[in-house]
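Examination of the molecular architecture
Now for the letters of each chain:
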Amino acid sequence: MGAWGGGTTAALLAAQARESATTYAYSRHWASFAHWCGKHGLQPLPATPLMVAAYLGAVAEKGTVAAASLQPYLSAINSVHADFGFERPATGHLVSLVRKGMARSQALARTVDTRVPLPAEAVLVVLARAEEALDMPLHRLREHFAVVLAYLFMGRQDSTTLLAASDFGIDHQFLWL
């Protein structure tokens, strides 16, 4: 495409088509799928609906993702396939049945909340950075931090499980995540 007039610009525009948060989420979900494929001796490109269904079964076995939260995983797989000119494998009757079955089994089992607590190490890093950046007593920082986290992650099972120190910051006005 780069050899044609406008080809380089078209490639750059295509690369900017998604929001950075979407690109990041898709890359995480694609990496998870690719890892699962590698673990089972499969090539992730091109995948089949049967492979995607089995992957969803593996996700369900982990018990950390609600059936209602599967769409980003499937969108990532479909997007990468479309980007490379392949058919989208995370669609169709079989994948739909697996999703519905997962939702039904979770509902019937009255799935216990599987959220993982925010790792203490991450909290300690946040508080240490805050103490360095702000002139505020530690107990006040803890109160602010608790309120912000409670607001941000209320009801989200997957929000804090992959939290890294680079995912947050503190300055004199804000605690951001």
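Here the structure is a predicted model, which is why all the values come from computation and not from measurement.

Here we look at the overall build of the protein
Within the protein one finds seven helices and two strands. Starting at the N terminus and walking to the C terminus, you meet the elements of the protein as α-α-α-α-α-α-α-β-β. When each of the 177 residues of the protein is scored for burial, the buried share is 26%. For the protein, restricting intrachain contacts to residue pairs at least 6 apart in sequence, the fraction spanning at least 24 positions comes to 58%. Accessible area for the protein stands at about 11,600 Å²; split by element, carbon and sulfur atoms hold 60% of it.

Topic: the nonpolar core
Membership of the largest hydrophobic core comes to 21 residues, with the highest contact counts inside it found for Phe33, Val52, Tyr55, Leu56 and Ile77. The leading source of residues in this core is helix α3 (residues 49-62), at six residues. Setting aside residues no more than four positions away along its own chain, isoleucine 77 makes contact with Trp30, Phe33, Val52, Tyr55, Pro89 and Ala90.

Points about helix α6 (residues 120-133)
Each turn of an α-helix holds 3.6 residues, which means side chains three or four residues apart point in the same direction. The terminal C-alpha atoms of α6, which comprises 14 residues, lie 20 Å apart, in line with the 20 Å expected from a rise of 1.5 Å per residue. Along α6, the positions that sit buried rather than exposed are Ala122, Val126, Leu127 and Ala130. The buried residues of α6 all sit within an arc of 130 degrees when viewed along its axis, so they share a single face. Summarising the geometry of α6, the exposed residues directed more than 90 degrees from the buried face are Glu121, Leu124 and Glu132.

Concerning the confidence of the model for the protein
Chain-level pLDDT for the protein is 80 on average; 72% of the residues reach the 70-or-more range. Per-element confidence in the protein ranges from a low mean pLDDT of 57 for strand β2 (residues 175-176) to a high of 95 for α3.

Quick look at unusual backbone geometry
Residue proline 46 is bonded to the preceding leucine 45 through a cis peptide linkage, with omega at -15 degrees. By secondary structure assignment, the location of proline 46 is in the loop between α2 (20-39) and α3.

Examining the side chain of serine 79
Structurally, serine 79 is set in helix α4 (residues 71-83). Among all residues touching serine 79, those that are not within four sequence positions of it are Arg18 and Tyr26.

Brief notes about the packing of aromatic side chains
In this structure the tally under the stated criterion is four aromatic pairs. With 6.2 Å between their ring centres and 20 degrees between their planes, phenylalanine 33 and tryptophan 36 make a pair best called stacked. Of this pair, phenylalanine 33 and tryptophan 36 both sit in helix α2, three residues apart, roughly one helical turn. Owing to a relative accessible area of 0%, phenylalanine 33 belongs among the buried residues under this scheme. Relative accessible area serves as the criterion here: at 11%, tryptophan 36 is assigned to the buried category. Ring geometry for phenylalanine 33 versus tyrosine 55: centroids 5.2 Å apart, planes at 80 degrees, classification edge-to-face.

What counts and what doesn't
Residues numbered from 1 in each chain as written. Predicted model: local features only at pLDDT ≥ 70, side-chain atom pairs only at ≥ 80, totals over all residues. Heavy atoms only, no water. Helix = DSSP H or I, 4+ residues; strand = E, 2+ residues; numbered from the N terminus. Buried < 20%, exposed > 50% of the residue type's maximum accessible area, 1.4 Å probe, protein only. Contact = heavy atoms within 4.5 Å. Areas by Shrake-Rupley, 256 points an atom, 1.4 Å probe, with all protein chains shown as cover. Core = buried A, V, L, I, M, F, W, Y, C linked by side-chain atoms within 4.5 Å. Expected span 1.5 Å × (residues − 1). Arc of directions from axis to C-beta. pLDDT = per-residue confidence, 0-100. Phe/Tyr/Trp six-rings, centres within 6.5 Å; stacked < 30°, edge-to-face > 60°.

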